[in-house]
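Here's the letter readout for the chains.
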Amino acid sequence: MIITRRSDYAIRICRALKDGKIHNVREICEHEDIPKAFAYKIIREMEINGFVKSERGNQGGYYLCRDLNDLTLFDLVSITEDHLSIVHCMNEPCGRDTDDLPCKVHKEMERIQDIMITELKRKSIASIIG
């Protein structure tokens, strides 16, 4: 897995919405330096996954519907990245990893991935963005 701009922008969106108020996409993008095209896609993913809600109308926009103290980097990365694997072979059975002859490379990558996931779950978004 490579943590991309999508995850970075999701964190920035959380930071823009941390005050609990409704903000439109233009405000979010200006405040957090996010391209509008990216913002709409990421906010939509966040809405589908229950992180934000939208209000329609003239004064409409988006607001957080989850407490940032209960949200981790792992939660955001899980919805913004296609795979949580550090290498491709972690997404499917490794042909070199058998009961008779375990693949040492696969096992090491698995160990590193477990550490990364543990670290992504360690802190809340609130503690990171203040």
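Residues numbered from 1 in each chain as written. Predicted model: local features only at pLDDT ≥ 70, side-chain atom pairs only at ≥ 80, totals over all residues. Heavy atoms only, no water.

### Concerning the packing of helix H2 (residues 25-32) against helix H3 (residues 36-48)
A pair of packed helices can be characterised by two numbers: the angle between their axes and the separation between those axes. Keep this limit in mind: To get an axis, fit a line to the C-alpha atoms, keeping to the stretch in contact for a helix; angles then go from 0 to 180 degrees between the N-to-C directions. The numbering of helices and of strands both runs from the N terminus, where a helix is a DSSP run of H or I of at least 4 residues and a strand a run of E of at least 2. Each helix crossing is assigned a hand: it is left-handed if the near helix lies turned anticlockwise from the far helix by less than a right angle, otherwise right-handed if that turn is clockwise. What makes two residues a contact is simply this: any of their non-hydrogen atoms within 4.5 Å.
One way to put it is that H2 packs onto H3 with a least axis distance of 10 Å and a crossing angle of 115°. The hand of the H2/H3 crossing is right-handed. Between H2 and H3, the residues in contact are Val25, Arg26, Ile28 and Cys29 and Lys36, Ala39, Tyr40 and Ile43, respectively.

### A look at the pairing of strand S1 (residues 52-55)
Heads up, the condition is: Strand pairing is assigned whenever DSSP detects at least two bridges linking the two strands.
Sheet topology places S1 next to strand S2 (residues 61-64); four bridges connect them, and they run antiparallel. Looking at S2, one finds that Ser54 is bridged to Tyr62. Here S1 folds back onto S2 in antiparallel fashion, the turn holding five residues, of which Gly57 has a positive phi close to 110°.

### Topic: the side chain of Glu32
Applicable threshold: Think of it in three bands: with a 1.4 Å probe and only protein chains considered, a residue is buried below 20% of the maximum accessible area for its type, exposed above 50%, and partly exposed in between. Counting of polar contacts relies on pairs of N or O atoms within 3.5 Å, with two restrictions inside protein: one atom must be capable of donating a hydrogen and the other of accepting it, and residues adjacent in sequence are counted only when both atoms are side-chain atoms.
Within the secondary structure, Glu32 sits in helix H2. Judged by relative accessible area, Glu32 falls into the buried class, the value being 5%. In this structure the side chain of Glu32 is engaged in a polar contact, spanning 2.5 Å, whose partner is the side chain of Arg15. Apart from residues lying up to four places away in sequence, Glu32 is in contact with Arg12, Arg15 and Ala16.

### Quick word on the packing of helix H1 (residues 5-17) against H2
Threshold: Should an angle lie under 35 degrees it is considered roughly parallel, over 145 roughly antiparallel, and from 65 to 115 roughly perpendicular; all remaining angles are considered oblique. Note on residue categories: nonpolar means Ala, Val, Leu, Ile, Met, Phe, Trp, Tyr, Cys or Pro, charged means Asp, Glu, Lys or Arg, and polar means any other residue, Gly included.
Where H1 meets H2, the closest approach of the two axes is 10 Å, and the angle between their N-to-C directions is 110°. Judged by the inter-axis angle, H1 sits roughly perpendicular to H2. Facing Arg12, Ile13, Arg15, Ala16 and Leu17 of H1, the residues of H2 in contact are Ile28, His31 and Glu32. By residue class, the composition of the contact of H1 with H2 is four nonpolar, one polar and three charged.

### Digging into the nonpolar core
Rules: The term nonpolar core refers to a set of buried residues drawn from Ala, Val, Leu, Ile, Met, Phe, Trp, Tyr and Cys, joined through side-chain atoms within 4.5 Å.
With 24 residues, the main nonpolar core has Ile13, Cys14, Met46 and Leu76 as its most contacted residues. Elements with a minimum of two residues in this core: H1, H2, H3, S2, helix H4 (73-80) and helix H6 (125-129). Element by element, the count of residues in this core is highest for H1, at six residues. Apart from the residues lying within four places of it in its own chain, the contact partners of Leu76 are Ala10, Ile11, Cys14, Met46, Phe51, Leu71 and Ile125.

### Looking at the side chain of Glu81
Selection criterion: Positive charges come from Lys and Arg, negative ones from Asp and Glu, while His and the chain ends are left out of the count. We count a salt bridge whenever a side-chain nitrogen from Lys or Arg sits within 4 Å of a carboxyl oxygen from Asp or Glu.
Here Glu81 shows up in the loop between H4 and helix H5 (104-122). It is Arg6 that comes nearest to the buried, bridge-free Glu81 among opposite-charge side chains, at 5.5 Å. In terms of polar contacts, Glu81 uses its side chain to reach the side chain of Thr4, at 2.8 Å. Here Ser7 takes part through its side chain, which lies 2.6 Å from a polar atom of the side chain of Glu81.

Worth remembering: the numbers are spatial, not functional.
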